[in-house]
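Residues per chain are reported as follows:
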Amino acid sequence: MALMPKRTKFRKSHRGSRAGNAQRGTTVAFGEFGLQAIGRAWMTNRQIETCRIAITRHLKRKGKVYIRVFPHKSITSRPPETRMGKGKGAVDAWVAVIRPGNMLFEVAGVPESAAREACRLASYKLGFATRFVVRNPHG
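In short, a report on the structure. Because the structure is predicted, anything quoted here is derived from the model rather than measured.

The next subject is the overall build of the protein chain. A count of helices and strands for the protein chain gives two helices and seven strands. Ordered by position in the sequence, the α and β elements of the protein chain form the string β-β-α-β-β-β-β-α-β. Seen through its principal axes, the protein chain has C-alpha atoms that stretch 55 × 30 × 25 Å. Sorting the 139 residues of the protein chain into buried and exposed places 36% on the buried side. Pairs at least 24 residues apart make up 80% of the contacts formed inside the protein chain by residues separated by at least 6 positions. Carbon and sulfur atoms form 52% of the exposed surface of the protein chain, whose accessible area is close to 9,300 Å². In the protein chain, which carries 28 positive and 7 negative side-chain charges, the distance between the mean positions of the two groups comes to 9 Å.

Pasting the structure below:
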């Protein structure tokens, strides 16, 4: 089942802006280790799911994986070989807007080496730069 909102106020959204850095959701809040974005992009629901699978497979279903991003934004696309005009295309995918600093995934209950490797495998599924972060032990 693809990740998407249950309902939205409007079916189609404007493209919006990806400028600036993430203001919220930038710290490891739920797990012990995290995968943090240092690039900016639209992360599709399929990329989120692929990363989740990569992490859980490497950890062999041990520990807990937290997904910190959700695709709220609808992206439309026109059918191939269509002339200009005739309105906006149909909804094609759902994306999460990723800005530098966004925490994407968190992992808890596994050793650091396993978490680091799982996050490395997940980062290969993404088209933007990420880094592995460890929770600050003092809050």
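Now that the structure has been shown, we can carry on.
Looking now at the sheet that holds strand β7 (residues 130–134). Pairing within the open sheet is antiparallel, and its four strands lie in the order β3-β6-β1-β7. The open sheet has two free edges, formed respectively by β3 (64–67) and β7, since each of these has just one partner strand. Going across the sheet, the axis of each strand differs from the next one's by a mean of 20°, ignoring polarity. Pairing analysis gives four bridges linking β3 to strand β6 (residues 103–108), with the strands arranged antiparallel. Note on β6: the bridge partner recorded for Y66 is E106. Against the sheet, helix α1 (residues 45–58) touches β3 and β6, its axis set at about 20° to β6.

The rules behind each value
- Residues numbered from 1 in each chain as written.
- Predicted model: local features only at pLDDT ≥ 70, side-chain atom pairs only at ≥ 80, totals over all residues.
- Heavy atoms only, no water.
- Helix = DSSP H or I, 4+ residues; strand = E, 2+ residues; numbered from the N terminus.
- Buried < 20%, exposed > 50% of the residue type's maximum accessible area, 1.4 Å probe, protein only.
- Contact = heavy atoms within 4.5 Å.
- Areas by Shrake-Rupley, 256 points an atom, 1.4 Å probe, with all protein chains shown as cover.
- Lys, Arg positive; Asp, Glu negative; His and termini not counted.
- Charge placed at Lys NZ, Arg CZ, Asp CG, Glu CD.
- Pairing = 2+ DSSP bridges.
- Axes fitted to C-alpha atoms, helices over the stretch in contact; angles between N-to-C directions.

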